[in-house]
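Coordinate inspection notes
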Amino acid sequence: MFSIPDQSTLQREIVQALAMIENRAVPTSAIIDAVGRPRDPVGYASVSRALRRLVARGHVITYRDSPSLRGPGSVYQLAASTG
């Protein structure tokens, strides 16, 4: 189990979900499904905010995927130093 100080419950759930995926970058929708949040505007906003904070702290890496029809098209992966 990964324990990072000052993490919210949702951030812990995201880190755990990304740790289970192992070496694969996934879109926000896959993370929302993995943590059991609804795919509605509130679910996307909550997970996106938590991901932004994890990226800012260096625990998660974000990549720009090919241009998407909806959203920014970012994919996320656990940073090597976190796992």
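So, here's what we can say about the structure. (Residues numbered from 1 in each chain as written. Predicted model: local features only at pLDDT ≥ 70, side-chain atom pairs only at ≥ 80, totals over all residues. Heavy atoms only, no water.)

**Observations regarding the packing of helix α1 (residues 9–21) against helix α2 (residues 28–35)**
Running from amino to carboxyl end, α1 crosses α2 at an angle of 105°, the nearest separation of the two axes being 9 Å. With respect to α2, the element α1 is oriented roughly perpendicular. The segment α1 lies against α2, with Leu10, Glu13, Ile14, Ala17 and Leu18 engaging Ile31, Ala34 and Val35. Of the residues assigned to the contact of α1 with α2, the class counts are seven nonpolar, no polar and one charged. (Axes fitted to C-alpha atoms, helices over the stretch in contact; angles between N-to-C directions. Helix = DSSP H or I, 4+ residues; strand = E, 2+ residues; numbered from the N terminus. Parallel < 35°, antiparallel > 145°, perpendicular 65-115°, else oblique. Contact = heavy atoms within 4.5 Å. Nonpolar A, V, L, I, M, F, W, Y, C, P; charged D, E, K, R; others polar.)

**Thoughts on the nonpolar core**
The biggest cluster of nonpolar side chains holds 17 residues, and the ones touching the most others in it are Ile14, Leu18, Ile31, Val47 and Leu51. When residues of this core are traced back to their parent elements, those giving at least two are α1, α2, α3 (41–56) and β3 (74–78). The leading source of residues in this core is α1, at six residues. Contacts of Leu51, omitting those with residues within four sequence positions, involve Ile14, Thr28, Ile31, Val60 and Tyr76. (Core = buried A, V, L, I, M, F, W, Y, C linked by side-chain atoms within 4.5 Å. Buried < 20%, exposed > 50% of the residue type's maximum accessible area, 1.4 Å probe, protein only.)

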